[in-house]
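Structure assessment
Now for the letters of each chain:
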Amino acid sequence: MVSPVGSASYIETNSPVKYVHTISEAGRLLPSSSQWNSIELEFGLFPQSSSDYGSLPSRYSKSFQYELIVTDKQYFKRFLYILGSSVILIIALVLLVLFLPRKHHKHGDNKNLTLAVNQALTFYDAQKSGIYPKKSPVKFRGDSGLRDGNSSNANPPVDLVGGFYDSGNNMKFTFPTAYTITLLSWTVIEYHQKYDDIHELAHVKDIIKWGTEYLLKVFVPPMDATSGRTILYSQASKVGVASNKSAASNDMTCWQRPEDMDYDRPVSVCDGSASDLAGEIVAALSAASMVFKEDDVYSRKLAKAAEKLFEVAWNEDPHRQGTYTRLDDACGGESRTFYNSSGHIDELVWGGTWLSFATGNLTYLDYATKTFDSAKNNVTSFDRGVFYWNNKLTAIAVIIYALAQSSDMIDSLMCSYLGQNFDMTPGGLIIQRPENGAPLQFAATASFLSKLYSDYLEVLLRSGGRCSSIGAFTVNYILGDNPMKMSYMVGFGDKYPNQVHHRSASIPWDGKHYSCEEGEKWLKSKEPNPNVVVGAMVGGPNQFDNFTDERERPLFTEPSISSNAGLVAALIALHHPPRHNSGNKLGLDQTSLFENIRL
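Residues numbered from 1 in each chain as written. Predicted model: local features only at pLDDT ≥ 70, side-chain atom pairs only at ≥ 80, totals over all residues. Heavy atoms only, no water.

To keep it simple, the criterion reads: UniProt positions are given in the numbering used here, feature names are shortened, and annotations may be inferred rather than shown by experiment.
Within an unreviewed UniProt entry, the label attached to the protein chain reads Endoglucanase, and the organism entered is Ziziphus jujuba var. spinosa. Under the UniProt heading Catalytic activity (unreviewed entry), the note attached to the protein chain is "Endohydrolysis of (1->4)-beta-D-glucosidic linkages in cellulose, lichenin and cereal beta-D-glucans."

Looking at the pattern of salt bridges
Convention followed: A side-chain nitrogen of Lys or Arg and a carboxyl oxygen of Asp or Glu constitute a salt bridge if their distance falls within 4 Å. Think of it in three bands: residues with accessible area under 20% of the maximum for their type are buried, residues over 50% are exposed, and the middle band is partly exposed, with areas taken using a 1.4 Å probe on protein chains only.
In total, this model carries 19 salt bridges according to the counting rule given. The shortest N-O distance in the salt bridge between Lys-128 and Asp-125 comes to 3.4 Å. Neither Lys-128 nor Asp-125 differs from the other in exposure class; each is buried. The salt bridge partner of Arg-257 is Asp-260, with a shortest N-O separation of 3.1 Å. Take Arg-257: its relative accessible area is 3%, and that puts it in the buried class.

A word on the confidence of the model for the protein chain
Definition in use: Looking at any residue, its pLDDT shows the predictor's confidence there, from 0 to 100. Any pair of residues with heavy atoms lying within 4.5 Å of one another is described as a contacting pair.
For the protein chain, mean pLDDT is 80; residues scoring 70 or higher make up 72% of the total. Within the model, pLDDT remains below 50 along residues 1–64, and this stretch shows 59 contacts once partners closer than five positions in the same chain are excluded.

Examining the UniProt feature "active site" (unreviewed entry) in the protein chain
This is how the line gets drawn: Helical segments are the DSSP runs of H or I of at least four residues, strand segments are the runs of E of at least two, and each set is numbered from the N terminus.
In the UniProt entry, the feature "active site" (unreviewed entry) is given for His-501. Note on placement: His-501 falls in the loop between helix H14 (471–478) and helix H15 (503–506). Beyond its immediate sequence surroundings of up to four residues, His-501 is in contact with Gly-168, Trp-255, Arg-551, Pro-554, Thr-557, Glu-558 and Pro-559.

Brief notes about helix H16 (residues 516–524)
Let me state the cut-off plainly: Throughout, the arc means the angular range of directions from the helix axis out to the C-beta atoms.
Restricting attention to buried positions, one finds in H16 the residues Cys-516, Gly-519 and Leu-523. Down the axis of H16, the sector holding all buried residues measures 65°, keeping them to one side. Of the exposed residues in H16, those oriented more than 90 degrees away from the buried face are Glu-517 and Lys-521.

Re the pairing of strand S4 (residues 231–236)
Under the convention used in this document: Two strands pair under a simple rule: DSSP has to find at least two bridges between them.
Along S4, 6 of the 6 residues are buried, which leaves the element largely enclosed by surrounding structure. Pairing of strand S3 (residues 219–220) with S4, which is carried by 2 bridges, proceeds in the antiparallel orientation. Its bridge partner lying in S4, Val-220 is registered against Ile-231. Pairing of S4 with strand S5 (residues 267–270) involves 4 bridges; the strand directions are antiparallel.

Considerations on the packing of aromatic side chains
Which entries qualify depends on this criterion: Paired rings are identified among Phe, Tyr and Trp, the last through its six-membered ring, by centres lying within 6.5 Å, and are further divided according to the angle between planes into stacked (under 30 degrees), edge-to-face (over 60) and tilted (the rest). Only lysine NZ and arginine CZ atoms are considered, and such an atom sits over a ring when it is within 6 Å of the ring centre and within 35 degrees of the ring normal.
Following the criterion strictly, the structure yields 28 aromatic pairs and no others. For the ring pair Trp-354 and Phe-357, a centre distance of 5.9 Å and an interplane angle of 85° mean the geometry is edge-to-face. Separated by 3 residues within a single helix, Trp-354 and Phe-357 lie in helix H9 (residues 345–359), roughly one turn from each other. With 6.4 Å between their ring centres and 40° between their planes, Phe-473 and Tyr-477 make a pair best called tilted. With Phe-473 and Tyr-477 both in helix H14 and 4 residues apart, this pair spans about one turn of that helix. Here the two residues Phe-473 and Tyr-477 agree in accessibility, since each one is buried. Three or more aromatic residues link up through ring pairs in this structure, and these residues are Tyr-179, Trp-186, Trp-350, Trp-354, Phe-357, Phe-387, Phe-448 and Phe-594. Between Lys-128 and the ring centre of Trp-210, over which it is positioned, the NZ or CZ distance is 4.7 Å. Note that Lys-209 overlies the ring of Tyr-298, its terminal NZ or CZ placed 4.6 Å from the centroid.

Some remarks on the packing of helix H3 (residues 174–197) against helix H13 (residues 440–459)
Counted only if it meets this: For every element, the axis is a line fit to its C-alpha atoms; helices are fit only across the contacting stretch, and the angle between N-to-C directions ranges from 0 to 180 degrees. Roughly parallel refers to an angle under 35 degrees, roughly antiparallel to one over 145, roughly perpendicular to one between 65 and 115, and oblique to any angle outside these ranges. Handedness of a crossing is defined here by the sense of rotation of the near helix relative to the far one, left-handed for an anticlockwise turn of less than a right angle and right-handed for a clockwise turn. Ten residues, namely Ala, Val, Leu, Ile, Met, Phe, Trp, Tyr, Cys and Pro, are considered nonpolar, four, namely Asp, Glu, Lys and Arg, are considered charged, and the remaining ones, Gly among them, are considered polar.
For the pair H3 and H13, interaxial distance at closest approach is 13 Å and the crossing angle is 30°. Taken together, H3 and H13 sit at an angle that is classed as roughly parallel. Judged by the twist between their axes, the crossing of H3 over H13 is left-handed. The segment H3 lies against H13, with Tyr-179, Leu-183, Trp-186, Thr-187, Glu-190 and Tyr-191 engaging Thr-445, Phe-448, Leu-449, Lys-451, Leu-452, Asp-455 and Tyr-456. Across the contact of H3 with H13, the residue classes tally to 8 nonpolar, 2 polar and 3 charged.

Structure representation (structure tokens):
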């Protein structure tokens, strides 16, 4: 007998009662396979009703009635006492589990990621050097560094105006700038539909172009160089002391807004043997050429420059290839203090991969795939499984194996991002470089690759790997779901660092010129910064989730352009797909990255 829709039916036989799933009006089977959902048990613990309603049929199709006879009231009372105590204990335990912080608690997706993306990009507006845009959303910045490249040691003088200040100081480093532009460009290539949907596509492309315009200046091909050799400018700043051993004003000793700089800013000059620097610039120009593919002239200009530089680095005598920081002071300069590259092969593979994607020339991809194992063997032990400015190995693996549609290799590499091979703070933040401090920069890129990897698998119609994603947890941790209850991205939420280690943010924008000595008081001030450097992700907490909001503790409070690139990448990857998405439900462009490749 089949019951009407929305009711339950029972088959009465001599056998025990059978029970059937309830069928909803929508026609879906409801999860009611248990007899406790369909049979009412009456133990007769309460007095029988004298009302006529007692004779009405039960609301269930079948009811059973049992008589419970209490022979010993004392034991029965003890039973009720134990039962009640047990219920109270269970409720207490449940509440304890719900409200106590847990190490691996998965936070809900409750953050305004549209606002977060906008703010994280706005940080780059605060870092711009050169002739400052009039319509910038950052109002405490102006023209600065207009003499960069025209210093005493630049022979002949060169135009190095522009680019980005690296962090809370006034230094401009080419290596992290190129990494930043590569990563930001990658996010646009993959997730441009999301950027467009939240009206940030023009914003991020403006930032990328500000960077590529500078990178085009730092590379002087052999035919254009007066010396007949390739020139790469790795740095436009000054750190250290003057040659006469007396203290000199420079970008580290002077706490001064970049608009007020009046000291000499020497440049650092390298050649084609600075293989890592060359490879990273190649990657940046190549990836950016794909971002600007609709502007054919500019796109070709970027790709052509990348090809020229890669040919120089690729054809360099193998005995001369190496890191730019291993060379003399004229090349490495003070960069080795802040961005001491530990190897060059991963950058050459990185550059070759992106150049192949940009041009469609499989020769570069062939080089990258054949050299990958060498790059893997060259990675230092403390950099294994970490994606940041010094190591691109896992990122290379993700995009190459996505191209080959093979997930086995990526699975083994991605597990290193998901907490299995790394420690975590008590609050659940992954710690990939415990000896380094400033853990958020590594956690952010891990979050990005984790989500991108997941999207690749879904596009390939494959189930997830052996590891679960850490993406949403990490982003929520950064944005305030952490033991400190503080957003580590400045300007987001109600509580965030207010003594950020940042010269422009810490000195009032009041139209006055402050010397190095006058600026020193702002460094040592215990007051909040007068200017909020919106979107800056600071270094973050220590391995115990503790954070010190002090301007003179840069390990905790200093942001950087390379760190923020990882944050932007994670935020846009985890952002909801476009509302009116004509493509896939992920907001991921399935063809843009590989559209020039014909295997």
